[in-house]
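# Examination of the molecular architecture
Given next are the chains, with one letter for each unit.
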Amino acid sequence: MEDKLTNALGAISRKLGTNLKLDYAEEYCNSEQHPLKKDVQKIIVAGSSVCPLCESIRKSAELSREQSEIHARTTQRQVHDFITANSLLSDKELLNAGFKNYDVADDESEAAVNKQKAIKVFKNYDAGKGFNTLLLGMPGVGKSHLAMAILRSLNETKAGKAKCLFIKVDMLMNAIRETFNAGYAGGKNEMYYIQLLLEADYLVLDDLGAESGSLDRNGKASDFVHRVLYTVLDGRQDVGTIITSNLAEEEFPDIYDTKLVSRIRKNNYLIEFINTDDKRIKSIELD
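Residues numbered from 1 in each chain as written. Predicted model: local features only at pLDDT ≥ 70, side-chain atom pairs only at ≥ 80, totals over all residues. Heavy atoms only, no water.

Here we come to the overall build of the chain. The helix and strand tally for the chain stands at 10 helices and eight strands. Relative to its full complement of 287 residues, the chain shows a buried share of 43%. Taking the intrachain contacts of the chain between residues at least 6 apart in sequence as the baseline, contacts between residues at least 24 apart amount to 72%. With an accessible surface of roughly 16800 Å², the chain has 50% of that area assigned to carbon and sulfur atoms. (Helix = DSSP H or I, 4+ residues; strand = E, 2+ residues; numbered from the N terminus. Buried < 20%, exposed > 50% of the residue type's maximum accessible area, 1.4 Å probe, protein only. Contact = heavy atoms within 4.5 Å. Areas by Shrake-Rupley, 256 points an atom, 1.4 Å probe, with all protein chains shown as cover.)

A word on helix H2 (residues 52-80). The α-helix winds at 3.6 residues per turn, so residues separated by three or four positions along the chain end up facing the same way. For H2, with 29 residues, the first-to-last C-alpha span of 42 Å sits near the 42 Å given by 1.5 Å per residue. Of all the positions in H2, only Pro52, Leu53, Cys54, Val79 and His80 are classed as buried. (Expected span 1.5 Å × (residues − 1).)

Another aspect to go through is unusual backbone geometry. In the Ramachandran plot, Ala46 falls in the positive-phi region, its phi being about 50 degrees despite a non-glycine side chain. Looking at the element boundaries, Ala46 is found in the loop between strand E2 (40-45) and strand E3 (48-50). Residue Ala159 is not a glycine yet carries a positive backbone phi of 50 degrees. Relative to the assigned elements, Ala159 resides in the loop between helix H5 (143-157) and strand E5 (164-168). Given the relative accessible area of 35%, Ala159 is considered partly exposed.

Using the criterion set out here, one finds six aromatic pairs in the structure. A ring pair is formed by Phe99 and Phe122, whose centres lie 6.5 Å apart and whose planes are at 50 degrees; its orientation type is tilted. With Phe99 in the loop between helix H3 (82-86) and helix H4 (110-126) and Phe122 in helix H4, this pair connects stretches of sequence that are 23 residues apart. Look at Phe99 and you get buried, because its relative accessible area is 12%. Look at Phe122 and you get buried, because its relative accessible area is 13%. Relative to Phe131, the ring of Tyr125 lies with its centre 4.4 Å away and its plane at 20 degrees, an arrangement referred to as stacked. Residue classification places Tyr125 among the buried positions, given a relative accessible area of 0%. Looking at Phe131, the relative accessible area reads 14%, which means it is buried. Positioned over the ring face of Tyr230 is Lys259, at 4.7 Å from the centre of the ring. (Phe/Tyr/Trp six-rings, centres within 6.5 Å; stacked < 30°, edge-to-face > 60°. Lys NZ or Arg CZ within 6 Å of the ring centre and 35° of its normal.)

Bringing the sheet that holds E2 into the picture now. Spatial ordering of the open sheet is given by E1-E2-E3, a layout of three strands whose pairing is antiparallel. In this open sheet, the two strands that pair with only one neighbour each are strand E1 (24-29) and E3. On average, each strand axis in the sheet is tilted by 40 degrees relative to the strand beside it, whichever way the strands run. The strands that H2 touches are E1, E2 and E3; relative to E2, the one it contacts most, it runs at about 75 degrees. (Pairing = 2+ DSSP bridges. Axes fitted to C-alpha atoms, helices over the stretch in contact; angles between N-to-C directions.)

We now examine the sheet that holds E5. What the five strands build is an open sheet, ordered E5-E6-E7-E4-E8; its pairing is parallel. Strand pairing shows two members of the sheet lacking a second neighbour, E5 and strand E8 (268-272), which therefore form its edges. In this sheet, adjacent strand axes meet at a mean angle of 15 degrees when their direction is disregarded. The sheet contact formed by strand E4 (residues 132-136) and E8 spans five bridges and is parallel. Within E8, the residue paired with Asn132 across the bridge is Asn268. Lying over the sheet, H5 contacts E4, E5, strand E6 (202-208) and strand E7 (240-245), oriented at roughly 160 degrees with respect to E5.

What follows is the structure in structure tokens.
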């Protein structure tokens, strides 16, 4: 063993361009750290006697801890960035939506009341409660904004310990349909997308109903849509799922079958917009 250590130190010395002399101490080590290696002669390092085997074990453990910490930080960052890496949304500005920039006319308005309800939803999710949240109302009233505000707040408070995902339902269905094409060369399939949604600790299903052409209140969801949505919602019972829709709650049975409606409405907290104006409609001035 001494020869091996001498050779190793010699190699280091040559690499560093120094003349490293190995001085042995008169002491021997029989630490329990190396039960199979007895009477290991210590060496002199910076005036102190050190067991080379104990030092090697210590350095190895230190390196292992550092690697574990790097892995943990990397995993934490991946979880934190899950929302930006995997969400499906057409309006990228939504990624900046928060409670602070959700403007309300006054504290008594319906929008202000619903904002407070959304904050209450966030606090309950953050406390570990699992339930569905339904944000319902006409287009442009801020349903998606509040859904994203809840999601982003959870993403920050959970500090990389919970995966958050925002999915526009019609984009999801189109992405899955694309994998059915004969010429599709990607590695994703229907089960990939379903697993992605099931993997999320907190999920927004945005604009439910648009995927079935139901904005005009005539569309019936296809078997394909039923299959995907039912599989996702059945697998997400009693966890944090937020659903936004332009449909009224009583209109769900007109679009979806009884089993799916039951999953949508199970343990749901309703935030409904009835009197809020479309926030997207704004006049602008041109130079």
